[in-house]
Amino acid sequence: SDDIFLGWITDVVSMRDPPLVFSISYGSPEDSVPPSYMAAFNIEAMKLSVRGVTLLTASGDDGAMGHDGRPPSSKCRNVADFP
């Protein structure tokens, strides 16, 4: 499914007793994700936070610079990943 993040988090929200910590080790460049999709995910994340659930996310394989930081690139900027 193309809906991996939102599908996953809505499944977790529907759990009666979800695990209290999740680690998300993958993501997509934030500028490639529609704002409405991010907003929907964030609402579900807030629902989990009020239940005491913690979401941890990685900065991606390339750190804060994303793919733009790979050689021989001369681009030097932060690229946010979502989630």
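Keep in mind it's a predicted model, so treat the numbers as computed, not measured. All residue numbers refer to positions counted from 1 along the written sequence of the respective chain. Side-chain atom pairs in this predicted model are given and counted only at pLDDT of 80 or more, local residue features only at pLDDT of at least 70, and totals for whole chains, interfaces and linings cover all residues. Hydrogens and waters are ignored; side-chain quantities use all the structure's heavy atoms.

Participant: Looking at this structure, I do not really get the overall build of the protein. What am I missing?
Facilitator: In DSSP terms, a helix is any run of H or I states spanning at least four residues, a strand is any run of E spanning at least two, and both are numbered starting from the N terminus. The helix and strand inventory of the protein stands at two helices and four strands. Sequence-ordered secondary structure for the protein, helices as α and strands as β, is α-β-β-α-β-β. Exposed residues in this analysis have more than 50% of their type's maximum accessible area, buried residues have under 20%, and partly exposed residues fall in between, with area computed by a 1.4 Å probe over protein chains only. Going through the 83 residues of the protein one by one, you find that 27% of them count as buried. The method behind every accessible area is Shrake-Rupley, applied with a 1.4 Å probe, and residues are considered shielded solely by the protein chains displayed. Counting only carbon and sulfur atoms, one obtains 56% of the accessible surface of the protein, whose full area is about 5700 Å².

Participant: Would you mind going over the nonpolar core with me for this structure?
Facilitator: A general tendency of soluble globular proteins is for nonpolar side chains to be buried together. Residues Leu6, Ile9, Val33, Tyr37, Phe41, Leu48 and Phe82 are the most contacted members of the largest nonpolar core, which totals 14 residues. Of all elements in the fold, only helix H1 (4–13) and helix H2 (35–49) reach the threshold of two or more residues within this core. Residues are treated as being in contact if the distance between any of their heavy atoms lies within 4.5 Å. Those residues in contact with leucine 6, other than ones at most four positions away along the chain, are Tyr37, Ala40, Phe41 and Glu44. Within this scheme, the nonpolar core is defined by two criteria: the residues are buried Ala, Val, Leu, Ile, Met, Phe, Trp, Tyr or Cys, and they are joined through side-chain atoms within 4.5 Å.

Participant: Explain H2 to me, please; I cannot follow it from the model alone.
Facilitator: Helical geometry note: an α-helix holds 3.6 residues per turn, so side chains three or four residues apart project in the same direction. What a helix is expected to span follows from its residue count: subtract one and scale by 1.5 Å. With 15 residues, H2 extends 21 Å between its outermost C-alpha atoms, agreeing within 8% with the 21 Å of an ideal straight helix rising 1.5 Å per residue. Along H2, the residues classified as buried are Tyr37, Met38, Phe41, Glu44, Ala45 and Leu48. Viewed end-on, H2 has its buried residues packed into an arc of 125°, placing them on one side of the element. Facing away from the buried surface of H2 by more than 90 degrees, the exposed residues are Pro35, Ser36 and Met46. Throughout, the arc means the angular range of directions from the helix axis out to the C-beta atoms.

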